[in-house]
Amino acid sequence: MSKNYYLPQSNEVELFKTAAQMNLPVLIKGPTGCGKTRFIESMGEELGRDVYTVVCHDDLSAADLIGRHLIDENGTYWQDGPLTKAVRNGGICYLDEIIEARKDTTVVLHSLADYRRVLSIDRTGETIEAHPDFMLVVSYNPGYQNVLKGMKPSTKQRFISLSFDYPKSEIEKEIIKKESGVDEDIAQKLVDIAKEVRQLTDVDIQEAVSTRLLIYAGKLITKDFDPYQACMHSIVESLSDEDEVLKVLEKLVSLYFPRSSNVKK
Amino acid sequence: MLHYYLEFEESIGKVWDKYLNKKVYKFHENERVYFADISKSLKIFHHLMGGEKGKDLQITDKRYLNTSRTFLQKIAFLGKEFHLAWQDEDSIYLPASSAYFPTKELNEMLYYWLIAMATRVNNITDENIIDKNHATELYLINKYDGFKQFYNIASEYLIDKYEQLSFIKSLDNQTDKDLVNDYPNPMWIYPSPLTINKTKKTDDEEQDPTREESQDKTDTLNMKKQANQTDDKHETDGFLAFLPESLMSIFEQVNVDRCEDDTFDEDALYHAEDLDEITIGQKQANLSSRIKMDLELKPDTTVKYPLGKGHFIDEWDYLKGEYLINFVRILPQVPMNVIPIELPERLKKTVRKIQQELDLLELDRVKNDNLPYGDEINIDTWIEYCGHQNKSMHHQKFYTTFEKKTRDMATLILADVSLSTEGGITQEVRIIDVIKDSLTVFSEALEKLQDKFAIYTFSSLQNKKVYFSIIKNFKDKYNDLIRGRIDTIKPEYYTRMGAAIRESAKILDKQQSVNKLLLIISDGKPNDEDRYDGRYGIEDTKKALEEVKKKGITPFCITVDLDAKEYLGYLFGRNGYAVVRDGQKLPKVLTEVYINLTK
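Under the annotation held in an unreviewed UniProt entry, chain B carries the name VWA domain-containing protein and is attributed to Sulfurimonas xiamenensis.

In the nomenclature of an unreviewed UniProt entry, chain A is known as CbbQ/NirQ/NorQ/GpvN family protein of Sulfurimonas xiamenensis. UniProt's Sequence similarities (unreviewed entry) comment on chain A is quoted here verbatim: "Belongs to the CbbQ/NirQ/NorQ/GpvN family."

Shown next, in the form of C-alpha cells:
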C-alpha cells in the first residue's frame, strides 16, 4: 500500500504521468494546504522516482540548487545541489513556492525545462544531460505573494500547468475521514465549515482554511477532544488574529458544534 | 393645596406608568445588544454565509403595523411600531438593537440568525412571506445545530411572551395563516417597505458643485428613513417674516427661503430619528455655508486648460450586468499659470528624514559578484578558485560590490480631490492639505529612488464630466513647476472612481516597465450626485480594478477614511489597501507602504 494517501480530483494523475513519460516539466498553482506537495510525493511513489524538494525563499541562489565547492582537510571538493542530483540520477526535482526565489535563480531552469534538457554548471565547466527519469516540477500559490511578485513569463511558458484548488466537498470529506479517522457526520461538518470559511478569502482573511487544518481538527476529535475546541484550535485560531474575524469564525464553529453553554435559557 | 394635589397626581401617574410598563413592556433592557457594537462581525458573518460582498448592513427604521393589541397595550401606546429586518439590492436593514430575549447571547444570536436568513431569502412579498421565511428557517435549523438550538429556545420564548406569535407552532400544518400578518415575527425577514420615494432627478441644469452630500452633517444618520420629496422651489411659498424695505443691499434675487432657520440644528439627528417620514426639499439649503465658501475663495490665477474635448469610456452597470458603452466623458486638463515653488519649509524635515531612511535601505542596491576589485572578498569564489583544475585559466575575480540599481517600476499616483477632502482632520488641517503634502513628499522620495512616476488627480460631475488633471506625467521631470501644480490642487465635485481608475490604467498600460503600480489616494467611498453612489459605485470600481489587474497592473489604495475597511477589502482585496489612522502621518506612511510594496 502506498505511504501517501492521495485522492485524485480530476485528471491530474493522468496528466502528470503523461508529462513524466514525455519528459515535460510541470507547474502547479494552488492555495496553501490544498495538497500540492502530497500530490507530488504520491506521484513520485507511483512512478518509482525520488522526489528532491526545495522550498524556495528570497535568498535562494543558483548555487543552492546546482551545488558548490566546499572545503575539507584535503582541499576543496564539489558537492551537487538537489537539482544536479536529480538531473544526474533521475528523480523529480520539486521547487516549492518558486515565486519566492530570486528571478536570476530560476533562469538556470530554462535549459532544463525545454527540449534541451541539459544543465550547465559554469563552476565545474560541466554540461549534464538529464537522466531519462528526471522531471522538473515547480509550484506556487498565486494568492500568497508580494503584490508585485510574479513569475517571469519566459519561465512560465516552459511548463505544463495544473491548477489545484481545495478538493471538492465529497473528496475532501473522504480525505478527512481517511486521514484522521473521524466519522461521516463530523467529516461532513468540517467540510461544511471549510466551505463557508473559504468564502471569506482575500476580503476578510488572507487565506482560507486548508485541508491540512481540517485533518488536524479531525485528529484532535478522534483523540476525544471536544469538536468545538478542536475546531477552535486547529481552524479558527490559525486563520486570523483579528478579534472580529475570530469572533465570527467562533460563531460559525458553534453553529456546527454547539456548546451547551453557548445558548442559555 | 393645589401643589399637594398635583404632586399626588404625579405620583399616581408614575405608579400607573410603572405598572403598565411592567405589564406590557416585554423587552429586557439590561440584556439589550446594539447593532453598532457587532456590525463588523455581522458583516464578516454575512460574507461567511455566502452573502453578496457588495451589500451593506444598515439600521432599519420602525414600521407601523396594525396589530391586534391587548387592552393594556392600547392604553400604554405600545405594540404599534416594530423594527423589522428587510433587504433591498444595496443593503440588509436590521434593528438598531435587540432586547427580545433574557440573555445577551440570545439577543446577539438573533442578529446572526437574521443575517443567515437574509442571505437565503430573496424577493419577499406579502404573499410569499410565510413560505419563504418558513422554508429558510427549516433549512437553517436542519443544517446548523447551533441555529436549531437557538431557534427552539427563541421561538418557544417568543410564543410564551407574545401569544399572537403562536401561529409559529402551526406553520407546519399550513393552518392559521391569517394570524401571520397580525403580529410581526422578529425572527423573519420582511418585504421592503413601500417607500413613496420619489427620488426624481432634478433637471436643473446648474447644479451647485459646492454641495456634496458627504459634507452634510445630517448624512451621519445611519438609518433608512421613509422619504418624500416636495417641490418647494416656488419663490412665493412661505410667510415673509421681514419687511422687504429693510433689505438695502440685495441687488439680485437669491434662492433662499427667508422663513428657514439656516443655522445647523445640533439636535437634527435626534429629531430625525423620531420622525416618521422625512420630506426632502429640492431647494439648496445651508445658504450660510455656501456664502461662506464663496467668500473664502481667493482670486484664482491658475486656469485648468482642457486638453481637447474629452473622450468617452465605459462604465459597469451591476444591475444590468453589462457595460454602458462610452457612458462617461473624461476631460483631461492641465493647470496653467502655475507659479513654480520650492519644497515648502514645513516639509523639509520630513523629506530629509525619509531620504535618510532610503539611504539606509539596501533594497535599491544590488549585489555584484565576481569582480576583480570591490567592497568585500567573496569566500565562495575563492574556494571555487582553489578547487579549480586549471588555476591559470581561472579568472581571478574574488570581490563583491553593492551597487545602486534603478528598478523597473512605473507608478501612477491617482489622488481623489473630491469636495469631501475639504473636510478637516484637525481644526487647522484639511484632508486635501495632507494629500498635497503627501504628493510632494512622496514625489521627493520617488525622485530619490529614481523610479518612474506620474501624478493625476480626479473629480467628477456625474457621467458628463470626469475631470482628470495632469500634475505630472511620466515624461515630465519632477521640479519646482510640478511642486507648484501640486500646490494648486483644490477640492471640487464628486468621486467617480471607476472612470478615473480606467483612465489611469490606460496610461500605465502604455509604459514599458515590468512592474506597474496604480496607487490610489482617497478619503472615502466612490460617489457622485447621480446614481453612482452606494453599491452601484462600489461595483463599478470593483470592475474597473479587475480590468486593471488583467492588464498586469497592481492597484493599491491608501485611505484616511476610518470606516473604509469594510468596502476596501471587497474592492482591493485584503492585501491591497492600507488605512492611515492619523492623516497627518500620511506623507511618511505613503513612502513606507511604497517601499514595502516594491521591495
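Now that the structure is up, let's keep going.
Participant: What's the story with the overall build of chain B in this structure? I'm lost.
Facilitator: For chain B, the helix and strand inventory stands at 17 helices and 23 strands. Sorting the 599 residues of chain B into buried and exposed places 47% on the buried side. The long-range fraction of contacts in chain B, counting pairs at least 24 apart against all pairs at least 6 apart in sequence, stands at 73%. Approximately 32,300 Å² of chain B is accessible, and the part contributed by carbon and sulfur atoms is 51%.

Participant: Would you explain the packing of helix α12 (residues 243-256) of chain A against helix α2 (residues 35-48) of chain B in this entry?
Facilitator: Two packed helices can be described by the angle between their axes and the distance between those axes. Where α12 of chain A contacts α2 of chain B, the two axes come as close as 9 Å, and the packing angle between them is 55°. Here α12 of chain A is positioned oblique relative to α2 of chain B, judged by the angle of their axes. As for the relative orientation of α12 of chain A and α2 of chain B, their crossing is right-handed in sense. On α2 of chain B, the residues touching Glu244, Val245, Lys247, Val248, Leu249, Lys251, Leu252 and Leu255 of chain A of α12 of chain A are Ile38, Lys40, Ser41, Ile44, Phe45 and Leu48 of chain B. Per-class residue counts for the contact of α12 of chain A with α2 of chain B are nine nonpolar, one polar and four charged.

Participant: Is there a simple way to think about the environment of Lys17 of chain A in this case?
Facilitator: Residues and elements named next belong to chain A. Residue placement: Lys17 occurs in helix α1 (residues 12-21). Setting aside chain neighbours within four positions, we find Lys17 in contact with Glu46 and Leu47. Among the polar contacts listed, one links the side chain of Lys17 to the side chain of Glu46, at a separation of 2.7 Å.

Participant: So what exactly am I meant to see when it comes to the packing of helix α8 (residues 169-180) of chain A against helix α9 (residues 184-197) of chain A here?
Facilitator: All names here are of chain A. Put simply, α8 and α9 touch, their axes get as near as 9 Å, and they point 130° apart. Our classification of the angle between α8 and α9 gives oblique. The way α8 lies across α9 gives a crossing that is right-handed. In contact with Ser169, Glu170, Glu172, Lys173, Ile176 and Lys177 of α8, α9 contributes Glu184, Ala187, Gln188, Leu190, Val191 and Lys195. Of the residues belonging to the contact of α8 with α9, the class tally is four nonpolar, two polar and six charged.

Participant: For this particular structure, what's the right way to read the confidence of the model for chain B?
Facilitator: Low pLDDT means the predicted atomic positions in that stretch should not be read closely. Residue and element names in this part refer to chain B. Here chain B averages 76 in pLDDT, and 71% of its residues register 70 or above. Least confident of the elements in chain B is helix α9 (residues 287-296), whose mean pLDDT is 42; most confident is helix α14 (residues 497-509), at 93. Note on residues 195-221: pLDDT under 50 across the span, and 49 contacts to partners over four residues away in sequence or across chains. Note that pLDDT drops below 50 for residues 284-298; the model gives that stretch twelve contacts with residues more than four away or on any other chain.

Participant: Looking at this structure, I do not really get empty space enclosed by the protein. What am I missing?
Facilitator: Leftover empty space is mapped by rolling, across the atoms, a probe with the size of a water molecule. Residue and element names in this part refer to chain B. Going through the model one piece at a time under the given rule, you end up with five cavities of 30 Å³ or more. Put simply, the second largest cavity is a space of about 80 Å³. Along the wall of the second largest cavity there are 14 residues; nearest its centre are Lys304, Val417, Thr457, Ser469 and Glu492. Breaking the lining of the second largest cavity down by element, the ones donating at least two residues are β19 (452-461), β20 (465-472) and α13 (480-488). Considered class by class, the residues forming the lining of the second largest cavity number six nonpolar, four polar and four charged.

Participant: I keep staring at the sheet that holds strand β1 (residues 26-29) of chain A and nothing clicks. Help me out?
Facilitator: The strands that make up a sheet pair up through hydrogen bonds in the backbone, lying either parallel or antiparallel. Residue and element names in this part refer to chain A. The strand order β2-β5-β8-β1-β9 describes an open sheet built from five strands, whose pairing is parallel. Among the strands making up the open sheet, the edge pair consists of β2 (51-55) and β9 (160-163). For this sheet, the mean inter-axis angle between neighbouring strands, taken without regard to orientation, is 20°. Pairing analysis gives four bridges linking β1 to strand β8 (residues 134-140), with the strands arranged parallel. Across the sheet, the residue bridging to Val26 is Val137, located in β8. Those strands touched by α1 are β1, β5 (91-96), β8 and β9, and its axis lies near 135° from that of β8. Running at roughly 160° to β2, helix α4 (residues 82-89) makes contact with β2, β5 and β8 of the sheet.

About the thresholds
- Residues numbered from 1 in each chain as written.
- Chains lettered and ligands numbered in written order.
- Predicted model: local features only at pLDDT ≥ 70, side-chain atom pairs only at ≥ 80, totals over all residues.
- Heavy atoms only, no water.
- UniProt positions renumbered as here; feature names shortened; annotations may be inferred.
- Helix = DSSP H or I, 4+ residues; strand = E, 2+ residues; numbered from the N terminus.
- Buried < 20%, exposed > 50% of the residue type's maximum accessible area, 1.4 Å probe, protein only.
- Contact = heavy atoms within 4.5 Å.
- Areas by Shrake-Rupley, 256 points an atom, 1.4 Å probe, with all protein chains shown as cover.
- Axes fitted to C-alpha atoms, helices over the stretch in contact; angles between N-to-C directions.
- Parallel < 35°, antiparallel > 145°, perpendicular 65-115°, else oblique.
- Left-handed = near helix turned anticlockwise from the far one by under 90°.
- Nonpolar A, V, L, I, M, F, W, Y, C, P; charged D, E, K, R; others polar.
- Polar contact = N/O pair within 3.5 Å; in protein donor to acceptor, adjacent residues only side chain to side chain.
- pLDDT = per-residue confidence, 0-100.
- 1 Å grid on protein atoms, 1.4 Å probe; cavity = no way out; pocket = protein on both sides within 12 Å on 5 of 7 lines; lining within 4 Å.
- Points joined across faces, edges and corners; volume = space filled by probe spheres on them.
- Pairing = 2+ DSSP bridges.

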